[in-house]
Amino acid sequence: MTILTVDSPLPDLNRRTLLKAAGLAALAGIAACSTVTVPTGEGAGASSSATATLAGIRTTAGLPALAPDAQLEQAALQQAGYMASRERMSHTTGWGKDFASRMKDNGVRGAAAENIAEGRFDLQKLFDIWMHSAGHRRNMLDPDFSRFGLAYVRDGRDPALRYWSLVLGR
């Protein structure tokens, strides 16, 4: 954590800027106390970008499209952040949480599955890779699933490298 000290007040800072800075500092303090590791790079939910791609994959197999779900996207973002911070792919976390525990902690009930990936590729390539892997394909084509959340976090040193997580649920 970096601490900034100022010997004299900065004349160009207005009250709104100071309040924003105080709010960000408070959020950083809360994040430091939580059990979730802060990602090393920029991350984002990508469910809305993947909706059409997943719908195409499933309709080709005669299945209904999956609906994007904010709760599943948050669970995916958490896992992508964990993987980016550890620079490795894993379905478990360093806090001793397996997939089922993470889903329960994120309020996800019922059957769920997760696909993960690491690489320098776009969404189309990501889904192409998963479709050519029996287990990942099976997850995406499971007729019991109706919702999904997709997220990535960039590697802190290589912005082209992303850690991806897709969480599927009922």
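Each remark here, short or long, concerns the structure printed above.
These notes cover the structure that comes with them.

### Here's the deal with the overall build of the chain
No. 1: Of regular secondary structure, the chain possesses six helices and five strands.
No. 2: Mapped from its N terminus to its C terminus, the chain presents α and β elements in the order α-β-α-β-α-α-β-α-α-β-β.
No. 3: For the chain, the proportion of its 170 residues judged to be buried stands at 36%.
No. 4: Taking contacts inside the chain between residues at least 6 apart in sequence as the whole, the part at least 24 apart equals 69%.
No. 5: Of the roughly 9700 Å² that the chain leaves accessible, carbon and sulfur atoms contribute 56%.

### Topic: the packing of aromatic side chains
No. 1: Tallied over the full model, the rule gives two aromatic pairs.
No. 2: A ring pair is formed by F127 and W130, whose centres lie 5.5 Å apart and whose planes are at 85°; its orientation type is edge-to-face. One end of the pair is F127 and the other is W130, both in helix α5 (residues 123–131) and three residues apart, which spans about a single turn. Each member of the pair, F127 together with W130, is buried.
No. 3: Its guanidinium or amino end placed over the ring of Y152, R162 lies 4.1 Å from that ring's centre, counting from NZ or CZ.

### Let's talk about the pairing of strand β3 (residues 112–119)
No. 1: With six of its eight residues buried, β3 lies for the most part within the structure.
No. 2: In this structure, β3 lies alongside strand β5 (residues 162–169), joined through eight bridges in antiparallel fashion. For N115, the partnering residue across the bridge sits in β5 and is L166.

Definitions and limits used
- Residues numbered from 1 in each chain as written.
- Predicted model: local features only at pLDDT ≥ 70, side-chain atom pairs only at ≥ 80, totals over all residues.
- Heavy atoms only, no water.
- Helix = DSSP H or I, 4+ residues; strand = E, 2+ residues; numbered from the N terminus.
- Buried < 20%, exposed > 50% of the residue type's maximum accessible area, 1.4 Å probe, protein only.
- Contact = heavy atoms within 4.5 Å.
- Areas by Shrake-Rupley, 256 points an atom, 1.4 Å probe, with all protein chains shown as cover.
- Phe/Tyr/Trp six-rings, centres within 6.5 Å; stacked < 30°, edge-to-face > 60°.
- Lys NZ or Arg CZ within 6 Å of the ring centre and 35° of its normal.
- Pairing = 2+ DSSP bridges.

These results come straight from atomic positions and should not be treated as a statement about function.
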